[in-house]
Amino acid sequence: MDSMEIEGASSNAYSNRNGDNKTISFDRAAARGTFLVWENLFAVLPNFGNNKPTKRLLQGLYGYAEPGRIMAIMGPSGSGKSTLLDSLAGLFFYYFSSNAYVTQENVLLGTLTVRETITYSAHLRLPSSMSKEDIKSHVDGTILELGLHDCADTVIGNWHLRGISGGEKKRLSIALEILTKPQLFASAFFVIQTLRNIARDGRTVISSIHQPSSEVFALFDDLFLLSGGETVYFGEAKLAVEFFAEAGFPCPSRRNPSDHFLRCVNSDFDAVTTTLKGSQRIRDVPSSSDPFMNMATAEIKARLVESYRRSKYAKRARARIQELSAMEGLEIEIKTISKASWWKQLSTLTRRSLVNMSRDVGYYWARIAIYLVVSICVGTIFFDVGTGYTAILARISCGAFITGFMTFMSIGGFPSFIEEMKIFYHEKLNGYYGVTVYILSNFLSSFPFLVAISLMSSSITFFMVKFRPGFSYFAFFTMNIFLCISVIESLMMVVASLVPNYLMGVVVGAGVLGIIMMTSGFFRLLPDLPKLFWRYPISYLSYGSWAIQGAYKNDFLGVEFDPMFPGEPKLKGEDIIKNTFGISIDRSKWWDLSAIVVILISYRLLFFIILKFKERACPVFKSIYAKKTLQYLDKRPSFRNMPSRTFSSRRHQPPHSLSSQEGLSSPLN
């Protein structure tokens, strides 16, 4: 059974020996496909604030990838496979539209079917001039090419929907990327047969794989074997066995070549050997049966690395790199956006988002059910509140609860929004659409649900509590609830863009909303708030303060209430909210509503600015950080002088021999 392992790396700095951070060149011509070349590629993980040496994840790698061929990046855990693949993706794929990068994690909307997912992606990316029939034919062809016809109309699946299998999800991820027929394709999992077919179509395929079976290994054209960030072998996969034999580590005739390669460079087997050293089978192996009986894996790896550096395979690779680098047609172009028009992107994304929201129970349906129950509770508790003296406080409390605490429940949609944001980041990186389209489509698709929640809640509470009668008062009451919920949704978008972690996002969002409610004028009257900071500017930035003021004006102005003692004059609503609750009646309730609209627009604009800033500024900051880091590291002896052959994982203890396991299909057998 094939196995695969992906390990991420963070805060990496990429460089070559001269400190430059652009180490990848390429040639892309229509007739030749895409050629990818990387030279002297380094990735380091600096250890600031201590005396430990800088960890080198990649150490001066050279290589290339050609169209029509599929390359396997192999190596034990922590060897640098994923770092290399991510480096190529981060430094190359981001800038070009004709390439695709499929990660191990499947970033998909679980509520859509396989066909719907591919169809929406096609509408977002293919030219607007294509007819619906042409797009449908293109989608059907992609489904057949990836072998997804049996599950084409099955939902992908999420926490409450049973969907397709993990392997089908991986093939669907590939299907989404080959829609536009990319010239260069990188994958982090092992759907190798499909990828081989893609490569034979003139595309360049790079795949990271941990330990393939012999059948799967035979499908690869080229092999890049890594260990400790160093090149153990790079060249044709079928010649790797020959190289190992020439280096003095021949592969036994009945052993899977990939197993043998990994045993030579994987110190995990040392730990297993040490554990089993006391067993009879290991102890009885004659020490003279193998000249490398007492060699540690680190020593074997160092000998292989040195053998490769001086081998004909390395010379052949360097010659091919020079040849490819000298080819005409070398071009660098900025990544182009989707070929679909802006309006088509907006309509397609709105439809897709609407379908997702309508099928995801946790997005809006669960909240609608909760709002229904809470509205009935409010209506029954404050039922027919009337205009008595005690009704004054009851109306104040009910209005504050509805505009504050009840709308607070919109925070429940944060988990679903986080999942949708993952889709956005993935598709934005691949050039499907822009930030503006995403923000507008999200608002348009959520609009019907927000209207439904607002209309349902206002209808139940308004008529059961019997607020001031009249259509205009009901319309204001409904719009007030709608805008409050919309503001909270927009605020949670801002939080999600800054804190893309579910638990931290809920905590931060709840904290911000708590501050907003505290300054809304219910817990402490607005005139009594400390003037510095809380009154100015926080209460003016709080949607809750404007919502409560508008709600009180809508319900109290023009209404008279019974006095505390019979026989005294009626209490006017204007005097109550002005003198008792400190609310100015100089401006109309519609101005209060307009202020909430301004806050709503401001949150959406802030969300837009944050996404744009992260899109444009973050790469610049990362580049500056990488250069500064490399300048700092160049001054550290551990970075300049650390011998490459001493690089090994701290997780593994040195050693015992590889050859003590000779003849065994597994070190556990």
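Residues numbered from 1 in each chain as written. Predicted model: local features only at pLDDT ≥ 70, side-chain atom pairs only at ≥ 80, totals over all residues. Heavy atoms only, no water.

In the annotation of an unreviewed UniProt entry, the entry for the chain reads ABC transporter G family member 15, and the organism field reads Citrus sinensis.

Chemist: Kindly report on unusual backbone geometry, identifying the contributing residues and their values.
Modeler: Of note, the amide linkage connecting tyrosine 536 to proline 537 takes the cis form, showing an omega dihedral of 15°. With respect to the element layout, proline 537 can be found in strand β12 (residues 536–537). The phi dihedral of phenylalanine 533 falls on the positive side, at around 80°, and the residue is not glycine. (Helix = DSSP H or I, 4+ residues; strand = E, 2+ residues; numbered from the N terminus.)

Chemist: Describe in detail the packing of aromatic side chains, supporting the description with residues and values.
Modeler: Counted according to the given criterion, the structure contains 39 aromatic pairs. Their ring planes at 85° and their centres at 5.8 Å tell us that tryptophan 365 and phenylalanine 449 sit as a pair that is edge-to-face. Of the two residues, tryptophan 365 is situated in helix α14 (residues 361–381) and phenylalanine 449 in helix α17 (residues 435–465); the sequence distance between them amounts to 84 residues. These aromatic residues form a ring-pair network of at least three members: Phe217, Tyr233, Phe243, Phe244, Phe261, Tyr308 and Tyr313. (Phe/Tyr/Trp six-rings, centres within 6.5 Å; stacked < 30°, edge-to-face > 60°.)

Chemist: Break down helix α23 (residues 589–633) for me, citing the residues and quoting the values.
Modeler: Each full turn of the α-helix corresponds to 3.6 residues, which orients residues three or four apart in the same direction. Its 45 residues give α23 an end-to-end C-alpha distance of 62 Å, which sits within 8% of 66 Å, the value for a rise of 1.5 Å per residue. Along α23, the largest kink reaches about 40° and is centred on alanine 617; proline proline 619 follows within four residues of it. The opening residue of α23, the one whose side-chain oxygen lies 3.1 Å from the backbone nitrogen of tryptophan 590, is serine 588. (Expected span 1.5 Å × (residues − 1). Bend = angle between axes of the 7 residues up to and from the residue. Polar contact = N/O pair within 3.5 Å; in protein donor to acceptor, adjacent residues only side chain to side chain.)

Chemist: Account for the state of the cysteines, naming residues and giving values.
Modeler: Considering all chains together, one arrives at zero disulfides under this definition. Summary of cysteine pairing: cysteine 251 is not part of a disulfide, and the nearest cysteine sulfur, belonging to cysteine 264, is at 8.4 Å. Residue cysteine 251 is classed as buried on the basis of its relative accessible area, which comes to 17%. (Disulfide = S-S within 2.5 Å. Buried < 20%, exposed > 50% of the residue type's maximum accessible area, 1.4 Å probe, protein only.)

Chemist: Break down the nonpolar core for me, citing the residues and quoting the values.
Modeler: Grouped together as the largest cluster of nonpolar side chains are 147 residues, with contacts concentrated most on Trp38, Leu84, Ile118, Leu223 and Leu304. Residues in contact with leucine 304, not counting those within four places in the same chain, are Val232, Phe243, Phe244, Ala247, Phe249, Cys264 and Val265. Counting residues in each nonpolar core, the second largest holds twelve residues, with Ile392, Ile396, Phe561 and Ile576 among its members. (Core = buried A, V, L, I, M, F, W, Y, C linked by side-chain atoms within 4.5 Å. Contact = heavy atoms within 4.5 Å.)

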